[in-house]
Amino acid sequence: MSVARPIQAAPARQFPKDFFWGASSSAYQIEGATETDGRGPSIWDTFTAQGHIIDGSSARIACDHYHRYAEDIALMKQAGFSAYRFSLAWPRIVPAGTGAINPKGLEFYDRLVDKILAAGIRPMACLHHWDLPQPLQDVGGWESREIVGPFADYARIAIARLGDRVKDWYTLNEPNVVAISGYGTADLAPGLRVGDLGILKVLHHQNLAQGTAFRAMRAERSDVRVGTVCNLQPARPENDDPLNRAAAIRWDAVWNRVALDGVLRGAIPDVLAEKMAPIVKPGDLETIRFPIDSFGINYYSRMTMRHEPGRPFDVGWGDAHCNRWTGMGWPVQPDGLYDLLLELKTLYGNPAVFIAENGAAYDDVVSPDGQIHDPERVAFLKDHVAEVARALKDGCNVKGYLVWSLLDSFDWAAGLSKRFGIVRVDYDTLKRTPKDSYRWFAEVIRTGRVG
């Protein structure tokens, strides 16, 4: 005689039904087609041509997403994505940065957006992910206040064309990285060292351009949702040395607070007020502050800082006191994401936020079975998604999580040598192969649990 067994209930979801899941990408890193259909040159084309890419590669082809976007969207649909944040290439739409519009550039994004929507995925468009048109850099780039008008015009052009279908818009991606690594340490394009005051100018002018663009976007279409995306990392001193504590405070102000306090409070961090006084003109802070709909957070690790004269703001990297590292040499510190989300709740009124980037590069290999088994990446993602679940449980207003990234791609100065994707790209054949992390992520999306 058989004995009936009680039916076990499925484990409760850790994420709400309307929590969105997906991935982020950037145009320059995946599109390729850098000289196709009227696209103009960007600062990254110039930086690459100058020989700054570690492995000597370029983004001329990259993942060839420009021609293979349908295949990539099919991978998103198969995994159950509900959202996809991508960037528009400013040089593809307005090749000189200002002036004439390139119709073929807009036509590409028409096709891309229509395909995303047909897959049942929410398109989330970012206007600027580092690929500044070279002609604008030639006249000062982000160091110049003159960039404010061209950026607002570009934002208006994009909204006018795509805003009937794309309702989520983000102005800038990681303005702090652009300012510090692009204009401060020369590690990224445009490869300049403009000093502390120059870095602060770049930060301020990005904020000012962003605030102006927000108003232009809303004037063009009142029904769009607007926000921005910033790399936020809790800054901690290496130890209790007073000089290191002061260094961490300075770095936190430059790296995190200029962006946060600007858009959310219309303020300059106190520790930078004197240095920024010559830069900030009457009315600037009122323009920068804007009631955004959501804030995208890119998180990779904490920052451990120490006093180091000769570096920007006399701050250098200290010992991270960590025993896990990614293939980029970055510390793995998932609890820093929880700390960051809790800080936004307690210090900034719990704004609507989403994780716009979170992921890790590792040295993936193709196994004899033809698959890519990437347990380190799975562990990284699992630990960070668990911290998002913990933050939600503690009342943080987190709306979604986007992995960085769907595809292996051109990773800026590292070229094609570093792989962040949950899908492998063979750069010889351009074949896409989902990794174990892709399948793990699809299961999290399906169940709403970290598992």
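You'll find the structure just up there.
I will try to describe carefully the structure that is included in this document. Remember, it's a predicted structure, so these values are computed and weren't measured experimentally.

Criteria and thresholds
Residues numbered from 1 in each chain as written. Predicted model: local features only at pLDDT ≥ 70, side-chain atom pairs only at ≥ 80, totals over all residues. Heavy atoms only, no water. Helix = DSSP H or I, 4+ residues; strand = E, 2+ residues; numbered from the N terminus. Buried < 20%, exposed > 50% of the residue type's maximum accessible area, 1.4 Å probe, protein only. Axes fitted to C-alpha atoms, helices over the stretch in contact; angles between N-to-C directions. Parallel < 35°, antiparallel > 145°, perpendicular 65-115°, else oblique. Left-handed = near helix turned anticlockwise from the far one by under 90°. Contact = heavy atoms within 4.5 Å. Nonpolar A, V, L, I, M, F, W, Y, C, P; charged D, E, K, R; others polar. Salt bridge = Lys/Arg side-chain N within 4 Å of Asp/Glu carboxyl O.

What to know about unusual backbone geometry
Backbone phi values are negative for most residues with the exception of glycine, while trans is the configuration of most peptide bonds. A cis amide bond links alanine 189 with the next residue in sequence, proline 190, at an omega value of 10°. Along the polypeptide, proline 190 turns up in the loop between helix 8 (175-183) and helix 9 (195-220). Of note, the amide linkage connecting tryptophan 404 to serine 405 takes the cis form, showing an omega dihedral of 0°. Within the element layout of this structure, serine 405 appears in the loop between strand 11 (398-403) and strand 12 (423-425). The phi dihedral of tryptophan 412 is positive, around 55°, even though this residue is not glycine. Tracing the backbone shows tryptophan 412 in the loop between strand 11 and strand 12. Given a relative accessible area of 7%, tryptophan 412 falls into the buried group.

Details of the packing of helix 5 (residues 103-118) against helix 7 (residues 148-162)
One can describe the packing of helix 5 onto helix 7 by two numbers: an axis separation of 10 Å at closest approach and a directional angle of 50°. In terms of orientation, helix 5 lies oblique with respect to helix 7. Where helix 5 crosses over helix 7, the two elements pack in a sense that is right-handed. Each of Leu106, Glu107, Tyr109, Asp110 and Val113 in helix 5 lies in contact with helix 7, whose residues at this interface are Ile157, Arg161 and Leu162. For the contact of helix 5 with helix 7, a count of residues per class yields 5 nonpolar, no polar and 3 charged.

Focus on the pattern of salt bridges
In total, this model carries 33 salt bridges according to the counting rule given. Of the charged contacts, one joins arginine 39 and aspartate 45 as a salt bridge, the two residues approaching to 3.0 Å between their closest N and O atoms. This pair shows no difference in class: arginine 39 is buried, exactly as aspartate 45 is. Two residues, arginine 257 and glutamate 343, come together in a salt bridge whose shortest N-O distance is 2.8 Å. With arginine 257 in helix 10 (residues 242-265) and glutamate 343 in helix 13 (residues 335-347), this residue pair connects regions lying 86 residues apart in the sequence. A relative accessible area of 11% means that arginine 257 is categorised as buried.

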